[in-house]
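Okay, here's what each chain looks like letter by letter:
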Amino acid sequence: AQTVTQSQPEMSVQEAETVTLSCTYDTSESDYYLFWYKQPPSRQMILVIRQEAYKQQNATENRFSVNFQKAAKSFSLKISDSQLGDAAMYFCAYAGAQKLVFGQGTRLTINP
Amino acid sequence: EAGVAQSPRYKIIEKRQSVAFWCNPISGHATLYWYQQILGQGPKLLIQFQNNGVVDDSQLPKDRFSAERLKGVDSTLKIQPAKLEDSAVYLCASSLFSAASYNEQFFGPGTRLTVL
(Lines give C-alpha, C1' and ligand atoms only; values in the text may rest on other atoms or scores of the structure.)
Protein backbone atom coordinates (compact mmCIF):
# COMPACT_ATOMS: atom_id res chain seq x y z
CA ALA A 1 0.00 0.00 0.00
CA GLN A 2 1.10 3.52 -0.69
CA THR A 3 2.20 5.64 2.26
CA VAL A 4 2.83 9.35 2.61
CA THR A 5 5.06 10.76 5.33
CA GLN A 6 5.33 14.35 6.50
CA SER A 7 8.13 14.49 9.02
CA GLN A 8 7.50 18.05 10.22
CA PRO A 9 4.45 18.21 12.52
CA GLU A 10 4.88 21.98 12.90
CA MET A 11 6.74 24.74 11.07
CA SER A 12 6.87 28.47 11.55
CA VAL A 13 8.12 31.29 9.36
CA GLN A 14 8.34 35.05 9.49
CA GLU A 15 5.95 36.93 7.29
CA ALA A 16 7.43 37.64 3.83
CA GLU A 17 10.03 34.91 4.16
CA THR A 18 10.23 31.53 2.43
CA VAL A 19 9.42 28.17 3.98
CA THR A 20 9.68 24.60 2.66
CA LEU A 21 7.46 21.75 3.81
CA SER A 22 8.71 18.20 3.30
CA CYS A 23 6.91 15.11 2.08
CA THR A 24 8.09 11.65 1.14
CA TYR A 25 6.06 8.78 -0.22
CA ASP A 26 6.40 5.13 -0.93
CA THR A 27 5.00 3.46 -4.03
CA SER A 28 5.73 0.83 -6.64
CA GLU A 29 3.55 2.53 -9.24
CA SER A 30 5.13 4.45 -12.11
CA ASP A 31 2.18 6.68 -12.94
CA TYR A 32 0.66 8.80 -10.21
CA TYR A 33 -0.14 12.30 -9.04
CA LEU A 34 0.92 14.24 -5.98
CA PHE A 35 -0.94 17.05 -4.28
CA TRP A 36 -0.59 19.64 -1.56
CA TYR A 37 -3.84 20.56 0.17
CA LYS A 38 -4.29 23.43 2.61
CA GLN A 39 -6.72 23.26 5.55
CA PRO A 40 -7.12 26.65 7.29
CA PRO A 41 -8.51 26.65 10.83
CA SER A 42 -12.24 25.86 10.76
CA ARG A 43 -12.36 26.18 6.99
CA GLN A 44 -12.55 23.91 3.98
CA MET A 45 -9.59 21.99 2.67
CA ILE A 46 -8.49 23.38 -0.68
CA LEU A 47 -6.06 22.24 -3.35
CA VAL A 48 -2.84 24.26 -3.46
CA ILE A 49 -0.85 22.55 -6.19
CA ARG A 50 -0.73 19.31 -8.19
CA GLN A 51 2.18 17.45 -9.82
CA GLU A 52 1.92 14.68 -12.39
CA ALA A 53 4.68 12.11 -11.94
CA TYR A 54 5.43 11.79 -15.64
CA LYS A 55 6.20 15.51 -15.91
CA GLN A 56 9.78 16.42 -15.05
CA GLN A 57 9.02 20.12 -14.72
CA ASN A 58 8.11 21.18 -11.20
CA ALA A 59 4.64 22.67 -10.80
CA THR A 60 4.22 26.28 -9.72
CA GLU A 61 1.16 28.30 -8.68
CA ASN A 62 1.99 31.92 -7.93
CA ARG A 63 3.92 31.90 -4.62
CA PHE A 64 3.69 28.10 -4.29
CA SER A 65 6.10 25.74 -6.00
CA VAL A 66 7.17 22.14 -5.57
CA ASN A 67 10.46 20.29 -5.72
CA PHE A 68 9.57 16.88 -7.12
CA GLN A 69 12.33 14.29 -6.92
CA LYS A 70 10.85 11.12 -8.39
CA ALA A 71 13.82 8.84 -7.76
CA ALA A 72 14.02 9.93 -4.14
CA LYS A 73 10.20 9.83 -3.80
CA SER A 74 10.25 13.32 -2.39
CA PHE A 75 7.72 16.10 -2.95
CA SER A 76 8.35 19.31 -1.02
CA LEU A 77 6.30 22.50 -1.08
CA LYS A 78 7.96 25.93 -1.11
CA ILE A 79 5.97 28.96 -0.10
CA SER A 80 7.60 32.24 -1.05
CA ASP A 81 6.80 35.65 0.45
CA SER A 82 4.74 34.03 3.23
CA GLN A 83 1.53 35.81 4.16
CA LEU A 84 -0.61 35.65 7.30
CA GLY A 85 -3.31 33.93 5.26
CA ASP A 86 -0.96 31.02 4.57
CA ALA A 87 -1.33 29.84 8.17
CA ALA A 88 -2.96 26.41 8.02
CA MET A 89 -2.47 22.67 8.11
CA TYR A 90 -0.83 21.47 4.93
CA PHE A 91 -1.38 17.92 3.73
CA CYS A 92 0.65 16.10 1.13
CA ALA A 93 -1.38 13.51 -0.77
CA TYR A 94 -0.69 10.71 -3.24
CA ALA A 95 -3.06 9.55 -5.96
CA GLY A 96 -2.30 6.41 -7.89
CA ALA A 97 -4.48 3.67 -9.26
CA GLN A 98 -6.61 3.67 -6.14
CA LYS A 99 -7.67 6.09 -3.47
CA LEU A 100 -6.14 9.41 -2.48
CA VAL A 101 -3.75 8.86 0.46
CA PHE A 102 -2.91 11.75 2.78
CA GLY A 103 0.08 12.38 5.01
CA GLN A 104 -0.27 13.36 8.65
CA GLY A 105 -0.04 17.08 7.96
CA THR A 106 2.24 19.99 8.87
CA ARG A 107 0.89 22.90 10.86
CA LEU A 108 2.33 26.15 9.46
CA THR A 109 2.41 29.26 11.61
CA ILE A 110 3.18 32.67 10.15
CA ASN A 111 4.85 35.13 12.55
CA PRO A 112 4.06 38.80 11.83
CA GLU B 1 -20.72 28.24 -7.63
CA ALA B 2 -21.91 26.80 -4.35
CA GLY B 3 -19.45 24.54 -2.57
CA VAL B 4 -19.92 21.20 -0.87
CA ALA B 5 -22.46 21.52 1.93
CA GLN B 6 -22.45 19.42 5.08
CA SER B 7 -24.65 19.30 8.14
CA PRO B 8 -24.60 19.37 11.03
CA ARG B 9 -21.30 21.17 11.66
CA TYR B 10 -20.99 19.81 15.19
CA LYS B 11 -22.50 16.83 16.97
CA ILE B 12 -22.03 15.47 20.49
CA ILE B 13 -23.46 12.07 21.38
CA GLU B 14 -23.08 9.38 23.98
CA LYS B 15 -21.41 6.11 23.05
CA ARG B 16 -23.77 3.49 21.66
CA GLN B 17 -26.05 6.19 20.25
CA SER B 18 -26.67 6.66 16.53
CA VAL B 19 -25.77 9.64 14.39
CA ALA B 20 -26.18 10.67 10.76
CA PHE B 21 -24.34 13.17 8.63
CA TRP B 22 -25.57 14.75 5.42
CA CYS B 23 -23.64 15.95 2.39
CA ASN B 24 -24.72 17.84 -0.71
CA PRO B 25 -21.95 17.88 -3.34
CA ILE B 26 -21.27 20.55 -5.92
CA SER B 27 -23.94 20.44 -8.61
CA GLY B 28 -22.99 18.12 -11.45
CA HIS B 29 -20.20 16.35 -9.59
CA ALA B 30 -20.39 12.64 -10.27
CA THR B 31 -18.06 11.38 -7.57
CA LEU B 32 -18.60 11.79 -3.83
CA TYR B 33 -16.25 10.85 -1.01
CA TRP B 34 -16.56 10.49 2.75
CA TYR B 35 -13.39 10.85 4.82
CA GLN B 36 -12.69 10.43 8.52
CA GLN B 37 -10.10 12.81 9.96
CA ILE B 38 -9.00 11.96 13.48
CA LEU B 39 -7.32 14.80 15.38
CA GLY B 40 -3.68 15.12 14.38
CA GLN B 41 -3.99 12.87 11.33
CA GLY B 42 -4.71 13.25 7.65
CA PRO B 43 -8.10 12.34 6.20
CA LYS B 44 -8.76 8.65 5.60
CA LEU B 45 -11.18 7.58 2.88
CA LEU B 46 -14.22 5.73 4.20
CA ILE B 47 -16.29 5.36 1.06
CA GLN B 48 -16.40 6.63 -2.51
CA PHE B 49 -19.44 6.82 -4.77
CA GLN B 50 -19.65 7.41 -8.48
CA ASN B 51 -23.18 8.58 -9.15
CA ASN B 52 -25.16 6.27 -6.86
CA GLY B 53 -22.82 3.27 -7.04
CA VAL B 54 -20.08 2.40 -4.54
CA VAL B 55 -16.56 2.50 -6.00
CA ASP B 56 -14.55 1.82 -2.85
CA ASP B 57 -15.71 1.05 0.68
CA SER B 58 -12.75 -1.07 1.75
CA GLN B 59 -11.99 1.07 4.81
CA LEU B 60 -15.57 1.52 5.97
CA PRO B 61 -16.26 -0.33 9.26
CA LYS B 62 -19.37 -1.97 7.91
CA ASP B 63 -20.48 -3.40 11.25
CA ARG B 64 -21.34 0.11 12.42
CA PHE B 65 -21.00 2.53 9.52
CA SER B 66 -23.29 2.79 6.51
CA ALA B 67 -23.62 5.26 3.69
CA GLU B 68 -25.93 5.84 0.80
CA ARG B 69 -26.22 8.19 -2.13
CA LEU B 70 -29.74 8.06 -3.40
CA LYS B 71 -30.37 9.44 -6.90
CA GLY B 72 -26.66 10.13 -7.29
CA VAL B 73 -26.76 13.52 -5.54
CA ASP B 74 -26.99 13.92 -1.74
CA SER B 75 -25.39 11.41 0.56
CA THR B 76 -25.86 10.31 4.15
CA LEU B 77 -23.28 8.65 6.40
CA LYS B 78 -24.57 6.87 9.50
CA ILE B 79 -22.87 5.44 12.55
CA GLN B 80 -24.80 2.95 14.66
CA PRO B 81 -23.79 2.39 17.43
CA ALA B 82 -21.06 4.99 17.97
CA LYS B 83 -17.85 4.22 19.85
CA LEU B 84 -15.45 6.60 21.58
CA GLU B 85 -12.89 6.10 18.81
CA ASP B 86 -15.35 7.47 16.24
CA SER B 87 -14.69 10.98 17.55
CA ALA B 88 -13.34 12.78 14.48
CA VAL B 89 -14.16 15.25 11.75
CA TYR B 90 -16.12 13.68 8.92
CA LEU B 91 -15.35 15.32 5.61
CA CYS B 92 -17.36 15.07 2.45
CA ALA B 93 -15.76 15.83 -0.91
CA SER B 94 -16.83 15.71 -4.53
CA SER B 95 -15.15 15.72 -7.92
CA LEU B 96 -16.49 16.53 -11.34
CA PHE B 97 -15.22 13.69 -13.39
CA SER B 98 -14.81 9.97 -13.01
CA ALA B 99 -13.67 8.27 -9.85
CA ALA B 100 -10.01 8.45 -10.81
CA SER B 101 -8.07 9.42 -7.72
CA TYR B 102 -6.09 12.16 -9.46
CA ASN B 103 -9.09 14.37 -10.09
CA GLU B 104 -9.24 17.48 -7.89
CA GLN B 105 -11.53 16.98 -4.94
CA PHE B 106 -13.56 19.81 -3.43
CA PHE B 107 -14.13 19.49 0.28
CA GLY B 108 -16.96 20.52 2.54
CA PRO B 109 -16.45 22.17 5.96
CA GLY B 110 -16.81 18.86 7.77
CA THR B 111 -18.85 17.62 10.73
CA ARG B 112 -17.02 17.44 14.04
CA LEU B 113 -18.30 14.45 16.02
CA THR B 114 -17.58 14.02 19.71
CA VAL B 115 -18.54 10.71 21.31
CA LEU B 116 -18.69 10.80 25.12
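Residues numbered from 1 in each chain as written. Chains lettered and ligands numbered in written order. Predicted model: local features only at pLDDT ≥ 70, side-chain atom pairs only at ≥ 80, totals over all residues. Heavy atoms only, no water.

A. Up close: the overall build of chain A. When its secondary structure is counted, chain A shows zero helices and 12 strands. In chain A, the succession of α and β elements from N to C terminus is β-β-β-β-β-β-β-β-β-β-β-β. On C-alpha atoms alone, chain A measures out to a radius of gyration of 13 Å, which is about the 13 Å that the 2.2 N^0.38 rule sets for 112 residues. Principal-axis analysis of the C-alpha atoms places the extent of chain A at approximately 40 × 30 × 20 Å. Intrachain contacts of chain A at a sequence separation of at least 6 include 54% that bridge at least 24 residues. (Helix = DSSP H or I, 4+ residues; strand = E, 2+ residues; numbered from the N terminus. Rg over C-alpha atoms; globule rule 2.2 N^0.38 Å. Contact = heavy atoms within 4.5 Å.)

B. The arrangement of the interface of chain A and chain B in detail. Listed as interface residues are 18 residues of chain A and, on the opposing side, 21 residues of chain B. Carbon and sulfur atoms make up 55% of the surface buried where chain A meets chain B, a total of about 1500 Å² over both sides. Summed over the shared surface of chain A and chain B, the number is one salt bridge. For Asp56 of chain B, the salt bridge goes to Lys99 of chain A, with nearest N and O atoms at 3.7 Å. Linking chain A with chain B are two residue pairs in polar contact (both at pLDDT 80 or more), by the criterion used here. Taken together, the elements giving at least two residues each to the side of chain A that touches chain B come down to strand E5 (33-39), strand E6 (46-52), strand E10 (88-95) and strand E11 (100-102) of chain A. Per-element accounting of the side of chain A that touches chain B gives the leading share, four residues, to E5 of chain A. In the side of chain A that touches chain B, the residues fall into nine nonpolar, seven polar and two charged. (Buried area = accessible area lost by both parts, 1.4 Å probe. Salt bridge = Lys/Arg side-chain N within 4 Å of Asp/Glu carboxyl O. Polar contact = N/O pair within 3.5 Å; in protein donor to acceptor, adjacent residues only side chain to side chain. Nonpolar A, V, L, I, M, F, W, Y, C, P; charged D, E, K, R; others polar.)

C. Region of interest: the state of the cysteines. Residues and elements named next belong to chain A. Applying the stated rule across the entire model yields two disulfides over all chains. Paired by a disulfide, Cys23 and Cys92 hold their sulfur atoms 2.0 Å apart. Of note, the bridge from Cys23 to Cys92 carries an S-S torsion of about -70 degrees and is left-handed in sense. One end of the pair, Cys23, is in the loop between strand E3 (19-21) and strand E4 (24-26); the other, Cys92, is in strand E10, with 69 residues separating them in the sequence. On the accessibility criterion, Cys23 (2% relative accessible area) is buried. (Disulfide = S-S within 2.5 Å. Buried < 20%, exposed > 50% of the residue type's maximum accessible area, 1.4 Å probe, protein only.)

D. Just the environment of Lys55 of chain A, in detail. Residue and element names in this part refer to chain A. For Lys55, the position within the fold is in the loop between E6 and strand E7 (60-61). Taking relative accessible area as the criterion, Lys55 reaches 40% and is therefore assigned partly exposed. Between the C-alpha atoms of Lys55 and Phe68, which are 13 residues apart in sequence, the distance is 9.5 Å.

E. Region of the structure containing the sheet that holds strand E3 (residues 19-24) of chain B. Residues and elements named next belong to chain B. Here we have four strands laid out as an open sheet, ordered E1-E3-E8-E7, and antiparallel in their pairing. On the outer flanks of this sheet lie strand E1 (5-7) and strand E7 (65-68), each paired with one strand and no other. Sheet twist, expressed as the average angle between the axes of neighbouring strands with direction ignored, equals 15 degrees. As defined by bridge partners, E1 adjoins E3 across three bridges and the pair is classed as antiparallel. Along E3, the bridge assignment pairs Gln6 with Cys23. (Pairing = 2+ DSSP bridges. Axes fitted to C-alpha atoms, helices over the stretch in contact; angles between N-to-C directions.)

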